[in-house]
Every structure is written in C-alpha cells, then in structure tokens.
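For reference, the chains in residue letters:
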Amino acid sequence: MGKLNIKKMKIVITVLLLLFLTLSVYSQEKIFIDEKGDTISKDIYRKKWSNKDLLLSVWSHKDENGKIYYTLKKDLYLKGLINYDSIIKKLEKVTNKKFKNSNTLLIEYYFKDDLCTQNRNNKWSKSEISSRKSYTTPIKKELEKKEIAMIVLFDNDIILKNKPKRKNEYYYKDINNYFKNKFFKNPTTCGSFALIKPNGQYIIRNGEYRADFMAQHLKTENWKIFFNSED
C-alpha cells in the first residue's frame, strides 16, 4: 500500500472519529425538571427559565450514565441573618488575612461538577485562574474603594492551583466546605454570590452574575426589598 493511500486512510479515520464524538455529544440524553420536581419538555423548561418573574435558578449536572439533568430551583434569591464576627473568623482562617469589621463581604462561589464552564473537570489551572482574574481583579479594586471586600471561593473538592501565600491572592478553596454548608447549600450553574453586611444581614443570588452587579443590591432602595427597616 502506497504512502498516499495510508495518508488518506488516516484522514478518513480521523474524520470518522470526530464525527462519532460529535454525534455522541449531541445524542446524550437530556432531562429537564421544573422547580416542583416534575419532568418537563425542553420548550417548557426554556419558557420557565426565561421568565424573570419566577425568580428561578438552575443546576445542570451529568450522572454516571452520561445523562444530563437541568433542574430549575425556586432560589434565585435567598436572605438571612448570621453572626458576622464568626464569618470573619472563618474567612480569616481560610485566607490567612485580616478583614476590617466595617467591611461588607462579597463572596463569589464556584461549585464542583458545574457544567457552566470548561472547568467542569473540577480543576482550575494557574493559566485558567490568571485568565479569570483578568476579569475579576478590576472589579475587586473598584469594590474595595467602597469598603467591600471581595473573595472568590471554590468547593473544597475542586483542585485549585492558586497561590494562597501571596499578599494579593483572593481565590481560595472553601476548607471543609464551611461556606458551602452555611450559605451555598444548593449547587447552582455558573456559581453563586453572597453579600454580608457587618450587621449580619446577608443576601444570596444564585446563578451567573457579576460581582459589581451584586454590589448594586447594597443601595438602600434595593436592600429594602429584602429587609424592612425593622429587621
């Protein structure tokens, strides 16, 4: 068999392999579940997901058989009261940094097995962190001018190639998943955000968002939507 024919065969095999992989991805069974736990069609899922009045978030994950589940949740926003001092102590333990008691805390959280990004392999390399920081660091600096301390936390089961000893580091693993168990109990596609005031009031927003947009909730007229003056 000539070299030319062997080369053609390799090209054909490569094309067939790519076609097989593509078909495998698109043929994966997708199951859509509404906020009540009922299985629904893709069209109904899209309508509900796009209805902002329903205040829904979503968690998408793949099971051991390769099925992908898209589950709607009635938890776009959550609120509560917490002991601020205890949270500061835990955060200082995680970061090995000191925080002012006057700081409002803004925490961005990443969950393991999240299908939102390429990091669904539960590994964040140095280059991936650097790339993400090119977007979040300018926002962090602007928030600091308003006495808002921004920290980015990752599920303890995620492999994070951060540099915790660096003075300017703000990406950390959630040791023993303390913050996940306290605030981010239900995994959400594309992560979650928390705003925690020194008086202990906090707001959680689940789903894809931006830290600077989250900070807008601190405006008096926005905060009052969640907490009355008596709270």
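Structure shown above.
All figures in this text were calculated on a predicted structure; none of them were measured in a lab.

Q: Before we move on, could you go through the pattern of salt bridges and cite the residues and values that matter?
A: Taken as a whole, this structure holds 12 salt bridges when the rule is applied. With a closest N to O distance of 3.2 Å, Glu35 and Lys48 form a salt bridge. Placement of Glu35 in the loop between strand S1 (30–33) and strand S2 (39–40) and of Lys48 in helix H2 (residues 42–50) is noted, with a sequence separation of 13 residues between them. Classification of Glu35 by relative accessible area gives partly exposed; the value is 28%. In this structure, the salt-bridge partner of Asp155 is Lys180, at a minimum N-O distance of 2.8 Å. Taken together, the residues span a long stretch of sequence, with Asp155 in the loop between strand S8 (148–154) and strand S9 (159–160) and Lys180 in helix H5 (residues 178–182) at a distance of 25 residues. Judged by relative accessible area, Asp155 falls into the buried class, the value being 0%. Among the charged side chains, a network of salt bridges with common partners joins Asp34, Glu35 and Lys48.

Q: Residue-level account of the state of the cysteines, with values.
A: Summed over the entire model, instances satisfying the criterion amount to one disulfide. A sulfur-sulfur separation of 1.9 Å characterises the disulfide bridge that pairs Cys116 with Cys190. The sign of the 90 degrees torsion about the S-S bond sets the Cys116-Cys190 disulfide as right-handed. Separated by 74 residues along the polypeptide, Cys116 in the loop between strand S6 (104–110) and strand S7 (123–124) and Cys190 in the loop between H5 and strand S11 (192–196) bring together distant segments of the chain. On the basis of relative accessible area, Cys116 is assigned to the partly exposed category, the value being 30%.

Q: Can you tell me about the pairing of S11, naming the residues and giving the values?
A: Taking burial as the measure, the five residues of S11 include five buried ones, the bulk of the element. A two-sided burial pattern is seen for S11, the buried positions comprising Ser192, Ala194 and Ile196 on one face and Phe193 and Leu195 on the other. When S6 meets S11, the two strands line up antiparallel, connected through five bridges. Its bridge partner lying in S11, Tyr109 is registered against Ser192. Where S11 hands over to strand S12 (residues 201–206), the hairpin turn is made up of four residues, of which Gly200 adopts a positive phi near 95 degrees.

Q: Can you break down the packing of aromatic side chains residue by residue, with the values?
A: On inspection of all chains with the given rule, the structure shows 19 aromatic pairs. Relative to Tyr45, the ring of Phe32 has its centre 4.9 Å away and its plane inclined at 45 degrees; by these criteria the two rings are tilted. Of this pair, Phe32 sits in strand S1 while Tyr45 sits in helix H2, and the two are 13 residues apart along the sequence. Accessibility expressed as a relative area gives 9% for Tyr45, which makes it buried. With a centroid separation of 6.4 Å and an interplanar angle of 70 degrees, the aromatic rings of Trp59 and Phe111 are classed as edge-to-face.

What counts and how
- Residues numbered from 1 in each chain as written.
- Predicted model: local features only at pLDDT ≥ 70, side-chain atom pairs only at ≥ 80, totals over all residues.
- Heavy atoms only, no water.
- Salt bridge = Lys/Arg side-chain N within 4 Å of Asp/Glu carboxyl O.
- Helix = DSSP H or I, 4+ residues; strand = E, 2+ residues; numbered from the N terminus.
- Buried < 20%, exposed > 50% of the residue type's maximum accessible area, 1.4 Å probe, protein only.
- Disulfide = S-S within 2.5 Å.
- Pairing = 2+ DSSP bridges.
- Phe/Tyr/Trp six-rings, centres within 6.5 Å; stacked < 30°, edge-to-face > 60°.

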